[in-house]
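Structural description and commentary
Take a look at the letters that make up each chain.
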Amino acid sequence: MGPARRRGHRGGAGVRAVVAALLSLLALPSVATPVAAAPTAVIYRCTAADGSVALQDEPCPRGQKQELREIAAFAPPPAPSASSLPASEANGEPTGGSAGSPPPGITPGEAAPPRRSVLPPPLWRCTDLNGTSRLSDTYDPQPRCVPLSVLGVDLSRAPPSAATLCRTVEDACVELGGEAACAAWEERLADAESALRHAFSDTQATRRRERDRAKAVVENDCRD
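The notes below deal with the structure included here. Since we're looking at a predicted model, the values are computed, not measured.

**Here's the deal with the overall build of the chain**
Helix and strand counts for the chain stand at four helices and eight strands. Along the chain, helices (α) and strands (β) appear in the sequence α-β-β-β-α-β-β-β-β-β-α-α when read from the amino end. The contacts of the chain with a sequence gap of at least 6 include a subset with a gap of at least 24, amounting to 52%. For the chain, the accessible area works out to roughly 17,300 Å², and carbon and sulfur atoms hold 57% of it.

Written out as C-alpha cells, the structure reads:
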C-alpha cells in the first residue's frame, strides 16, 4: 500500500477516535445546574358533539372530548421590601402623618379656615329714576307702575280718570365682578356694621348674620 493510502488510513482512524470520544461525552450524565420549573396550571379543553370548544379549570362533562393543557400559572408580584418603602411606611406610619393628627397649620379644636374662592360672589348695583342706587345679590330691577304725574307727564288737560294712569318702569341693574365686586362688598360690610349697631333686639340676629356674611366675603375673597 502506498504512502498516500497509509496517510489516509491513519486519518480515518483519527476521525473515528474523535467521534468515539464525543459519543462518550454525550453519554455522561448532565451536571448542569437545575432550573426551578415555573408553576403550571392544568386547563381542560372540552369539545362538545357540535364542535364547540370550551376551556375550563375542571374536568369536562360526560360525553365531551377532553384534552389536558398545561399553562404557566399566575404568579403574584413580590411584596415590596422594607428598603423600597419610605421611612414613614416602613415604620408602620400612614403617609399622611400620625393617626389622629390635624393637618399642618390647624390647632386641635379649631375649625379649618374657609377655602378661598377664585372670585367674590357677584353683586348687582341697581339705580332708580332718581339716581339712588342699591346693592342686590341677584338681578332685581323691581318693576313697578309709576303714576304719569310723577314721571312729569302734563295731565292738566286730561280727564280726572287720567290721574290713575301709570307707566311700568324698572331700575337699571349692572352686574359687578372682580375688583368692582370687592368694592361693593366693602360697601355692603360697612352698611351691615352700621345696621347692626342700630338694630333693635328683635333684629340683631338677622343683622349679625348679614354682617358676618359680608365680612367673610371681604376677608376670604377680596384680601390677599
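There's more to say after this.
**Observations regarding the nonpolar core**
Membership of the largest hydrophobic core is limited to nine residues, which are Leu123, Leu135, Leu176, Ala184, Trp185, Leu189, Ala214, Val217 and Val218. Filtering out sequence-adjacent residues up to four positions away, Leu123 remains in contact with Leu135, Ser136, Asp137, Val174, Glu175, Leu176, Ala184, Trp185 and Arg188.

**Describing the state of the cysteines**
Disulfides are covalent bonds that link the sulfur atoms of two cysteine residues. For the coordinates displayed, the defined rule picks out four disulfides. Paired through a disulfide, Cys145 and Cys166 show a sulfur-sulfur distance of 1.6 Å. Between Cys145 and Cys166, the S-S torsion sits near 90°, and that sign places the bridge as right-handed. Of the two residues, Cys145 sits in strand 6 (residues 144–147) while Cys166 sits in strand 7 (residues 166–169), which places them 21 residues apart along the sequence.

**Description of helix 4 (residues 204–221)**
Along its 18 residues, helix 4 runs 25 Å from first to last C-alpha, staying within 8% of the 26 Å computed at 1.5 Å per residue. Of the positions making up helix 4, those classed as buried are Ala214, Val217, Val218 and Asp221. Within helix 4, the buried residues cover an arc of 115° as seen down the axis, which keeps them to one side. If you follow the buried residues of helix 4, they end up packed against helix 3 (179–197).

**Details of the environment of Glu193**
When you line up the elements, Glu193 lands in helix 3. Through-space distance from the C-alpha of Glu193 to that of Arg208 is 8.1 Å; in sequence the pair is 15 residues apart.

**Observations concerning the packing of aromatic side chains**
For the coordinates displayed, the defined rule picks out zero aromatic pairs. When the ring centre of Trp185 is taken as reference, the NZ or CZ atom of Arg188 above it lies at 5.2 Å.

**Overview of helix 3**
Compared with the 27 Å implied by 1.5 Å per residue over 19 residues, the 27 Å span of helix 3 between its first and last C-alpha is a close match. The complete set of buried residues in helix 3 reads Ala181, Cys182, Ala184, Trp185, Arg188, Leu189, Ala192 and Leu196. The arc that holds every buried residue of helix 3, seen down its axis, measures 155°, which confines them to one face. Seen from the open side of helix 3, the exposed residues pointing more than 90 degrees away from its buried face are Glu179 and Arg197. Looking at the buried side of helix 3, the elements it contacts are strand 4 (123–127), strand 5 (133–136), strand 8 (172–176) and helix 4.

What counts, and where the lines are drawn
Within each chain, residue numbers correspond to sequence positions counted from 1 in written order. Reporting of local features is limited, given that this is a predicted model, to residues whose pLDDT is at least 70; pairs of side-chain atoms are given and counted only at 80 or more, and all residues count toward the totals for whole chains, interfaces and linings. The basis for the side-chain values is all heavy atoms of the structure; hydrogens and waters are excluded. Put simply, DSSP H or I for four residues or longer makes a helix, DSSP E for two residues or longer makes a strand, and each gets a number counted from the N terminus. Contacts between residues were defined by any pair of non-hydrogen atoms, one from each residue, lying within 4.5 Å. Exposure was quantified through the Shrake-Rupley algorithm and a 1.4 Å probe, taking into account, for residues, occlusion by the shown protein chains and nothing else. What makes a nonpolar core is a set of buried Ala, Val, Leu, Ile, Met, Phe, Trp, Tyr and Cys residues whose side-chain atoms join them at distances within 4.5 Å. The classification of residues rests on relative accessible area computed with a 1.4 Å probe and restricted to protein chains. Under 20% of the type maximum is buried, over 50% is exposed, and intermediate values are partly exposed. Cysteine sulfur atoms are paired as a disulfide whenever they come within 2.5 Å of each other. Here the expected length of a helix is defined as 1.5 Å per residue gap, with one fewer gap than residues. Taken from the helix axis, the directions to the C-beta atoms give the arc we talk about. Ring pairs shown here join Phe, Tyr and Trp side chains whose ring centres sit within 6.5 Å, with only the six-membered ring taken for Trp; geometry is labelled stacked below 30 degrees between planes, edge-to-face above 60, and tilted in between. Two conditions define a charge located above a ring, namely a distance within 6 Å from the ring centre to NZ of Lys or CZ of Arg, and an angle within 35 degrees of the ring normal.

All quantities given are derived from atomic positions and should not be read as evidence of function.
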